[in-house]
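Here is how the chains run, residue by residue.
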Amino acid sequence: QVSVAKAGIVASLPSRCSVIAAANPKSGTYNLSKSVAENLSMPGPLLSRFDLVFILRDQACIVRDKQIGMALLNQPMDKSRSSGPELAATMEQFGNGRVPLQHRLPWVNDFQKEPLPLQTVKDYIAYAREYCKPKMTDVAAQGL
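The notes below deal with the structure included here.

Basis of the calculations
- Residues numbered from 1 in each chain as written.
- Predicted model: local features only at pLDDT ≥ 70, side-chain atom pairs only at ≥ 80, totals over all residues.
- Heavy atoms only, no water.
- Helix = DSSP H or I, 4+ residues; strand = E, 2+ residues; numbered from the N terminus.
- Expected span 1.5 Å × (residues − 1).
- Pairing = 2+ DSSP bridges.
- Buried < 20%, exposed > 50% of the residue type's maximum accessible area, 1.4 Å probe, protein only.
- Contact = heavy atoms within 4.5 Å.

We now examine helix H6 (residues 118–132). Its 15 residues give H6 an end-to-end C-alpha distance of 20 Å, which sits within 8% of 21 Å, the value for a rise of 1.5 Å per residue. Backbone geometry just after H6 places Lys 133 at a positive phi near 50°.

Right, dumping it as structure tokens:
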């Protein structure tokens, strides 16, 4: 059952669903000296609607995070798409995490098998012209 109290009306309604939600701490990291409501910047009445609350904390470790990232990139994605190891090797080759455009385009072409609908492309270009004021660099022009 779900209990609702709004504008002086109190009602209990039958419920046939479950809600699973996730939230990140307001400051980016969980502060153990604060309550759950303060960390999530969520009002207590809203938080009380959840029957169970689990706190999952990530202990920052650069070495472990890099191992996890490399493991994810090394997993085969799909037989029809470029594999993670190829992308990981390309990223390692340039070291700074920024892969030049000419190395990214083949991966995108292989990943995006179906062409985008024409109207979507037109809408995207119109939006970019109106709000982004894009300017193509010489390097990007050569890559295209």
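This is not the end of the story, as more comes after the structure.
The pairing of strand S1 (residues 2–6) with strand S2 (residues 9–13) spans five bridges and is classified as antiparallel. The residue of S2 that forms the bridge with Val 2 is Leu 13. Where S1 folds back onto S2 in an antiparallel hairpin, the turn is made up of two residues, including Ala 7, whose phi is positive at roughly 55°.

Next up on the list: the environment of Ala 11. Within the secondary structure, Ala 11 sits in strand S2. Looking at Ala 11, the relative accessible area reads 27%, which means it is partly exposed. For the pair Ala 11 and Gln 1, spaced ten residues apart in sequence, the C-alpha separation works out to 9.9 Å. Among residues more than four places away in sequence, those in contact with Ala 11 are Val 2, Ser 3 and Val 4.

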